[in-house]
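# Observations on chain architecture
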Amino acid sequence: MLPSACALCGAHSPDAVCAACEHAYVLPTPRCPCCANPAGALDGDRHCGACLAAAPRFDATLAACDYVAPLDSLVLQLKFSAQLALAPWMARVQHQAIVRVAAPLPDVLCPVPLGPRRLVERGYNQALEVARPLARALGLPVAPQLLLRLRETAAQSGAAPGERQKNIRGAFGVNEALAVRGRHVGVVDDVMSSGHTLDEIAAVLKRAGAARVTNIVFARTPPHA
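Residues numbered from 1 in each chain as written. Predicted model: local features only at pLDDT ≥ 70, side-chain atom pairs only at ≥ 80, totals over all residues. Heavy atoms only, no water.

### Here's the deal with the overall build of the protein
When you go through the protein residue by residue, the secondary structure sums to 8 helices and 6 strands. Helices (α) and strands (β) of the protein occur, in sequence order from the N terminus, as α-α-β-α-α-β-α-α-β-α-β-β-α-β. A compact globule built from 225 residues would reach a C-alpha radius of gyration of about 17 Å, and the protein, at 17 Å, matches this within 12%. Dimensions of the protein along its principal axes, counting C-alpha atoms only, are 50 × 45 × 40 Å. For the protein, the share of sequence-separated contacts (at least 6 apart) that also reach a separation of at least 24 residues comes to 72%. (Helix = DSSP H or I, 4+ residues; strand = E, 2+ residues; numbered from the N terminus. Rg over C-alpha atoms; globule rule 2.2 N^0.38 Å. Contact = heavy atoms within 4.5 Å.)

### Quick word on empty space enclosed by the protein
Applying the stated criterion across every chain yields a total of 1 cavity of 30 Å³ or more. Roughly 30 Å³ of internal volume is contained in the largest cavity. Considering the residues around the largest cavity, the lining is formed by L62, I98, A103, P104, L105, P106, L138, T214 and I216. Considered class by class, the residues forming the lining of the largest cavity number 8 nonpolar, 1 polar and no charged. (1 Å grid on protein atoms, 1.4 Å probe; cavity = no way out; pocket = protein on both sides within 12 Å on 5 of 7 lines; lining within 4 Å. Points joined across faces, edges and corners; volume = space filled by probe spheres on them. Nonpolar A, V, L, I, M, F, W, Y, C, P; charged D, E, K, R; others polar.)

### With respect to the side chain of R31
Locating R31 in the fold gives a position in the loop between α1 (19-25) and α2 (49-53). Looking at R31, the relative accessible area reads 10%, which means it is buried. Separated by 2.9 Å, the side chain of R31 and the backbone oxygen of A36 make a polar contact. Only 3.0 Å separates the side chain of R31 from the side chain of D66, close enough to count as a polar contact. (Buried < 20%, exposed > 50% of the residue type's maximum accessible area, 1.4 Å probe, protein only. Polar contact = N/O pair within 3.5 Å; in protein donor to acceptor, adjacent residues only side chain to side chain.)

### A short note on helix α6 (residues 126-138)
Between the first and last C-alpha of α6 there are 19 Å, a value that for 13 residues agrees with the 18 Å anticipated at 1.5 Å per step. Restricting attention to buried positions, one finds in α6 the residues Q126, A127, L128, V130, A131, P133, L134, A135 and L138. Against α3 (71-80), α4 (86-101), β2 (108-111), α5 (116-122), β5 (184-192) and β6 (212-220) lie the buried residues of α6. Of the residues that open α6, the one with a side-chain oxygen 3.0 Å from the backbone nitrogen of A127 is N125. Among the residues trailing α6, G139 stands out with phi positive, at a value near 70 degrees. (Expected span 1.5 Å × (residues − 1).)

### Observations regarding the sheet that holds β6
Taken in spatial order, the 4 strands line up as β1-β6-β5-β2 in an open sheet, and their pairing is parallel. The open sheet has two edge strands with one neighbour each: β1 (60-66) and β2. Recorded for the sheet is a direction-independent mean angle of 20 degrees between the axes of neighbouring strands. With 4 bridges joining them, β2 and β5 adopt parallel strand pairing. The partner of P111 across the bridge, within β5, is V188. Packed on one face of the sheet, α3 meets β1, β5 and β6 and runs near 105 degrees to β5. Sheet contacts for helix α8 (residues 196-207): β5 and β6; angle to β6, the most-contacted strand, approximately 160 degrees. (Pairing = 2+ DSSP bridges. Axes fitted to C-alpha atoms, helices over the stretch in contact; angles between N-to-C directions.)

### Examining unusual backbone geometry
P70 follows A69 through a cis peptide bond whose omega is 0 degrees. Mapped onto the elements, P70 comes out in the loop between β1 and α3. We note that A82 has phi near 55 degrees; this positive angle belongs to a residue other than glycine. Among the secondary structure elements, A82 is positioned in the loop between α3 and α4. With a phi close to 50 degrees, A102 is a non-glycine residue in the positive phi region.

### Thoughts on the pairing of β1
Summarising burial for β1: 7 of the 7 residues are buried, a large majority. Here 6 bridges tie β1 to β6, and the two strands are oriented parallel to one another. Opposite C65, over in β6, you have A219 as the bridge partner.

### Remarks on the pairing of β5
Burial analysis of β5 places 9 of its 9 residues in the buried class, which makes it a mostly covered element. The pairing of β5 with β6 spans 8 bridges and is parallel. Residue pairing across strands places V187 opposite N215, the latter belonging to β6.

Below is the structure:
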């Protein structure tokens, strides 16, 4: 019942981001169906050259927008400034992206887990905050404990490009009490950059028997960034 302001322009808005900013910045973009990097209008339904040359372990990626200004500031506000009101809005635009491409729905959603130390420092997992309203919108279960963080890792954003795969290797496991065998698992995160984290998670899920793994992210870092 209290007045609220758009996180981007400051205008009065019933949502965390006003309709004008959403329409201006969250634009439908043809993307590679595997890694969600921008693709040509005629290539949006075909894998990009990078995915054809070296196929990742995940099967698909759905992204609502690119990780560029000013939308990148929303990710930072959610992740580091506890602006949790942004999470339901991000889930809504993710849901719109899924509906727009008529993507096959997963059987279950799971957020990328944080390590215990980082979770204590932050007080919440931003991926889980997005996964919950997205699961409600899609009518799917969410399994916060399906993925386990087996060890703390340095932030991928601070790792050199050539070190990111090594940094994340062996960092995740699957909770054996939550069977994934034969299931389509949707992995939810706020942003996808190099893709090494999500690729490692997909490998872990596939070894546990998952039939398909789809990444569902709010923002995708462009290849040149």
